[in-house]
Amino acid sequence: MMFLQIFKITTPLSDYLQTKNVDYIQAWRHVSSVHKSLQSVKNRFCEIKKVAKTFVDFAVKIIDEKDLCDIKIEEKLSKKRKRTVKRMGTILYADLECFDPQRFDDIRKNGLSSNALFKICELLPSIDQPKLKEELPLLLHLVL
């Protein structure tokens, strides 16, 4: 049941990511939405674990009663290793969001944040961040 819920949430994202001419900003929005939905499913894991534990206890009791010693059922889940989450991707996507036409009005009105375009300029050292931050809002006034 858990896998069906996961596939129901992730399949539309997977389909979108496989389309031709993917809009990366829209793709990031889809990923964020799927992430939130999966967090919600994760929060229900405890109740699923409780039902599974009840089933395992029942199965162990039956095996013990019928003296089926050669069948072993693990009662505990294996320990999960701690994951480290890289933050670089989020910073880069935040920079790319500056080039999203849906954000142009906001940038024209409010300007860019102090750390905007930092990661792009870090990855492309030939680009001058202060100059880019100065010229981008001027270019946006010409667009639309």
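Refer to the structure above for everything that follows.
Residues numbered from 1 in each chain as written. Predicted model: local features only at pLDDT ≥ 70, side-chain atom pairs only at ≥ 80, totals over all residues. Heavy atoms only, no water.

**Q** If you had to explain the overall build of the protein to someone new, which residues and values would you point to?
**A** Scanning the protein from terminus to terminus reveals seven helices and zero strands. The helix and strand sequence of the protein, counted from the amino end, reads α-α-α-α-α-α-α. The 144 residues of the protein split such that 18% are buried. Considering only residue pairs separated by 6 or more positions, the protein has 46% of its internal contacts joining residues 24 or more positions apart. Carbon and sulfur atoms provide 59% of the accessible area of the protein, an area that totals close to 12,200 Å². (Helix = DSSP H or I, 4+ residues; strand = E, 2+ residues; numbered from the N terminus. Buried < 20%, exposed > 50% of the residue type's maximum accessible area, 1.4 Å probe, protein only. Contact = heavy atoms within 4.5 Å. Areas by Shrake-Rupley, 256 points an atom, 1.4 Å probe, with all protein chains shown as cover.)

**Q** Just give me the short version of the environment of Q102, but keep the residues and values in it.
**A** Here Q102 is to be found in the loop between α4 (88-96) and α5 (104-110). Measuring from C-alpha to C-alpha, the distance between Q102 and I25 comes to 9.8 Å, with 77 residues separating the pair along the chain. Reaching out from Q102, the side chain makes a polar contact with the side chain of R29 at a distance of 3.0 Å. (Polar contact = N/O pair within 3.5 Å; in protein donor to acceptor, adjacent residues only side chain to side chain.)

**Q** Which residues make up the environment of D105, and what are the values?
**A** With respect to the helices and strands, D105 occurs in helix α5. On the accessibility criterion, D105 (44% relative accessible area) is partly exposed. Considering only alpha carbons, one finds D105 and L140, 35 residues apart in sequence, at a separation of 8.3 Å. A distance of 2.5 Å separates a polar atom in the side chain of D105 from a polar atom in the side chain of R108.

**Q** For the nonpolar core, give the residues involved together with the corresponding values.
**A** One finds C98, F104, I107, A116, L117, I120, C121, L132, L136 and L140 forming the largest nonpolar core, which totals ten residues. Elements with a minimum of two residues in this core: α5, α6 (118-123) and α7 (129-142). Among the elements that line this core, the one with the most residues is α7, at three residues. Each residue touching L140, except ones within four places of it in the same chain, is listed here: F104, I107 and R108. (Core = buried A, V, L, I, M, F, W, Y, C linked by side-chain atoms within 4.5 Å.)

**Q** An account of the pattern of salt bridges is needed here, citing residue identities and associated values.
**A** For side chains bearing opposite charge, pairing can occur when the charged atoms are close. The tally for this structure, following the rule as stated, stands at six salt bridges. Note that D105 and R108 form a salt bridge whose closest N and O atoms lie 2.5 Å from each other. Of this pair, D105 and R108 both sit in helix α5, three residues apart, which is roughly one turn of the helix. The exposure class assigned to R108 is partly exposed, which follows from its relative accessible area of 21%. Via salt bridges that share partners, E97, R103 and D106 belong to a single interconnected network. (Salt bridge = Lys/Arg side-chain N within 4 Å of Asp/Glu carboxyl O.)

**Q** Account for helix α3 (residues 45-65), with residues named and values stated.
**A** Between its terminal C-alpha atoms α3 stretches 30 Å, which fits the 30 Å expected from 21 residues at 1.5 Å a residue. Buried residues of α3: V56, A59 and I63, and no others. Projection of α3 onto a plane perpendicular to its axis shows the buried side chains occupying an angular sector of 65°, all on one side. Turned more than 90 degrees away from the buried face of α3, the exposed residues are C46, E47, K50, V51, T54, F58, D64 and E65. (Expected span 1.5 Å × (residues − 1). Arc of directions from axis to C-beta.)

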